Every structure is written in C-alpha cells, then in structure tokens.
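# Descriptive structure summary
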Amino acid sequence: MELIRLQGVDFAYDGRPPVLRGLDFSLSAGQRLGILGPNGAGKSTLFMLCLGLLRPQAGAVYGLGRACREERDFRALRREVGYLFQDPEDQLFSLTVAEDVAFGPLNLGLGRERALELVDGTLGKLGLAGFQRRVTYHLSGGEKRLVSLATVLAMQPRAVLLDEPSNGLDEERSATLERVLMDSELSWAMVSHDRAFLERTCQRVLVLKNGRLQG
Amino acid sequence: MARPSPPAPRQATTHPLDHAPAPGLAARLDPRGKVVVALAYSLLLALCPGPLAPALGLGFSLGLAVWSGLGWRVFWRRALAVNAFVAFLWLFLPWRLGLGPAGGQITLSYNPQGLALAGLITLKANAIFLAVVALLGSSQINDIFHALAHLRLPAKLVTLFVLFYRYLHVMRREYLRLRQAMAVRCFTPGSNLHTYRSLAQLIGVLVLRSLDRSERVYQAMLCRGFAGTFWLLDHFHWRRRDTVFCSLGGAAILSLGLVQWGGTLWN
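Residues numbered from 1 in each chain as written. Chains lettered and ligands numbered in written order. Predicted model: local features only at pLDDT ≥ 70, side-chain atom pairs only at ≥ 80, totals over all residues. Heavy atoms only, no water.

On to helix α4 (residues 97-107) of chain A. Residue and element names in this part refer to chain A. In terms of burial, α4 is a largely internal element, 11 of the 11 residues being buried. Among the residues of α4, those classed as buried are Val97, Ala98, Glu99, Asp100, Val101, Ala102, Phe103, Gly104, Pro105, Leu106 and Asn107. Directly after α4, the chain includes Gly109, whose backbone phi takes a positive value near 90 degrees. (Buried < 20%, exposed > 50% of the residue type's maximum accessible area, 1.4 Å probe, protein only. Helix = DSSP H or I, 4+ residues; strand = E, 2+ residues; numbered from the N terminus.)

Listed below in structure tokens is the structure:
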C-alpha cells in the first residue's frame, strides 16, 4: 500500500534558488529507503513536504492514496507516518520524558492507562526503562535522540521519516537504534550521511542531487 | 487548551509516575496544598498595615525554612538578591523632599516614618520570600506546574509557563554557545561601541533562533497529532498529612490575621 507520494514537486524557500525541481518520491508499506545527499540538498525539506509542514510551489502530494492540499488533509497521514526531527531539542517540549512520550498517544485519543502502557513499552524497547520521570532538558544528547524516537514510536505508526537518526549516538546506542528499527515492522525513509548505516538498514539507497532523487 | 487526562483509579499508585522522589516531609506534601497555603500566607502578610504580624510571620517563615530541609545555601543566595532590592528602600525612603520657606530652594529632611515603612517592607519581603521558597522550592518545578493546572489556573497560562521554563534552558545553552564562539575569537567585552554592537547582534541572533525553533517545535507537535490539547499525566493523591499541613497552615494564617486585625474586630 502506498503511504506517501510526491509528484513533480518544486520547492524554493523565500528569495532563494529552488531546492527541489520536479521531484518524484514515493514510500509504500514494506519499503525501507535510504536517502543520501550533500548538505543543503533539501533532504529535510523533502520530509517536511511529505507531511505537509511545507507546501510545494508546484506538483502534488498524496497521502494514503489521497491528494493532500490543506492542513486537514495531512492529519490522517500523520497518524500513520511519524517524523523524527534532526534536532531532538525541537521534538521534546515537555518537562518529563513520560509526558513527552505520552503526548502523541493521548492526541490519538487513547486513554491515560493505554498511553502509560505505551510509554513503558516503548521506553523499555529502546533501553530507556526507568526514564519516565527524568527531566527532558537534563538528558544527554544521545538520550534525547532516543527519547524523541520513543515519542514517535509510541504512536505506533506504520512508517517513519528519520532525519539523521544515528547522528550523535555512541556505538552502543546506535546499535540499539538499529536493532529496534530492524526488529520492527516499520517502513521508513531515512536521511543520513553514513552510507554504511543506510546500506545495512535500507533496501534501496537514493541520492538527492540537483533537486531530484536518483536511484 | 490543557485538560486533565482522565484520572487514574486510586489503586493504580504502583506506577512510577505517581511516586515523586522524596527526601523530606516538605517534599512529599501535595503541591496543591502548598501552593494554596503559600498564596494565602503571602497575601495576608502583604496586606498587614502594622509590624507585629509580619514580625511573627518572619518567625513562622524561619521555622518553615528550617523544616523544609532545603539547606541554608538555597536560601542564602536568594536572600541576598531579595535584600539587594530592599536596601534601596532604606536608602531612599527615610528622606523627604520639600520646598524651602522662600520657595525655589529644595530641602531634604529626615523622615522617621519612611524608616518605619522601610522596616515594615523588609519584614514582609523576607517573611514572604522565606515561606514561598520553603514551600514551593521543596517541590519539583513540573509538580508545581501540574498543581497550578489542577487548581484550574487558566490552561493557556500554565502552558505558557511550561514552555517558557522548558525553552529557557535551551536559550541559555544557545546563549552560552554563542558567547563561547565569540570568546574563542578573542572577544573581550569593554565599554566601547564594538562591544555594544556585538552584544546587540548576539541578542538579535538569539531572538531569531528562538523564533525558528518555536516554528520547528510547533511542526513537531503537529506531526504527533497536536490539536490544541495539552495533556496532564501527573495526578496527585491527597493524604492525611496534606490535610494536617493545610489545617496548620490555615491556623497560622488565621492567628496572624487575628494578631493584626483582632483588636479592631473586638471593638
């Protein structure tokens, strides 16, 4: 099943040369894609377009097989496809880890009990058991990264867009992350500068260059 | 809007969220009770016209400070900050400006009432400050925020507090990073135009970065299905010690009130 498709998308930030030109991209359930590209090639921009955080100047975005134009159209898509931001500081806005992880599940309308189960389960899987009451801004960089992954996974998405997930993780944490991802049923698109990591974890690696994806 | 998530059944206290780390009795009390007592106590002392009740209050507050088990270090630095402001009152209040008999010339005369007023303010400020730090400082900051939300303070206000507190740390770190970046390029602040210009730039960059960050934080929240509701996870359990604490606090406040206004009521 097709989760996301971008068709002939053009995008430029205000007053800057275009980043993406006629870009086509799709992610289906069961796919695991890696995306490589030089700095400033528009990798994060691509993800933001997929989830409606930015709107393309030309082209179309399809989510779950339906054309998405307005904020409303993207809401259903965001339940199915999570997004791990490049900077965990952007993602963790609550004071405690448990609250942050529970935020998504509560937004989905799951009750408190179920949300807390998901908090415990997800943190446990990521090797963060006992982190529930930790204060988010006192976590180390690597811990923040894993907790922000937990906030995404706790919503039980079908796919995730991962923006440099292994960045800033030590070997042990990086291995945990890889194991959790590989053991899951998730599909993903993953941006990284680490080609070896992409080749281990993805079925295909695409290169974003000159505003387009090349296989 | 902040809305409490459905309350947990009472027996579900085994969850780690329901247990706060508890060094002393003050820290284990329900923060809702402490917030209410601290507020009522501060309000009463602030309204007292005479020195007797505030002086007694200072005694109470000192007792609270010792009982809170926070250690004198916590109080010492804050006391210095509070009393630095109060010192200005001692400097300015005891003097009265007036016009001389001939007019035109300005006289400065000593005014003992001003001195009494400065003394009263010092008493009140320190009594309130000690009590508030002893009561609120012994809870974790997020417990205080939750208590405010549970006390039905407007949701937007609580959310604002929480986000402010959360991102204050991020901004401080960003500020320090920028200062370090300036320092490694041999920036030494002095009182010259170059310093003012550089510091103005630093502040400008901080503001811009914060704006960008707020945008990204909002986007990240949208990605997790944010639709305007902030959820409260922590729930407090009112215990007998909280009732005892609030009764004692209420009695203390009442007796201070009686000391201050009892005479007028009696007549």
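Before going further, it helps to examine empty space enclosed by the protein. Within the structure shown, the criterion is met by one cavity of 30 Å³ or more. Of the voids in this model, the largest cavity is the one considered here, and its volume is about 240 Å³. Glu99 of chain A together with Val162, Phe230, Trp231 and Leu232 of chain B are, among the 19 residues lining the largest cavity, the residues nearest its centre. For the lining of the largest cavity, the secondary-structure elements that each account for two or more residues are α4 of chain A together with α6 (141-150), α7 (155-183) and β4 (230-232) of chain B. Each residue belonging to the lining of the largest cavity can be placed in one class, and the counts come to 14 nonpolar, four polar and one charged. (1 Å grid on protein atoms, 1.4 Å probe; cavity = no way out; pocket = protein on both sides within 12 Å on 5 of 7 lines; lining within 4 Å. Points joined across faces, edges and corners; volume = space filled by probe spheres on them. Nonpolar A, V, L, I, M, F, W, Y, C, P; charged D, E, K, R; others polar.)

Okay, the sheet that holds strand β4 (residues 58-63) of chain A next. Residue and element names in this part refer to chain A. Strand order across the open sheet formed by four strands is β2-β1-β4-β5, with antiparallel pairing between neighbours. Each end of this open sheet is capped by a strand with a single partner; those strands are β2 (20-28) and β5 (66-67). Where helix α1 (residues 43-50) meets the sheet, its contacts fall on β1 (2-11), β2 and β4, and the angle it forms with β1 comes to roughly 120 degrees. (Pairing = 2+ DSSP bridges. Contact = heavy atoms within 4.5 Å. Axes fitted to C-alpha atoms, helices over the stretch in contact; angles between N-to-C directions.)

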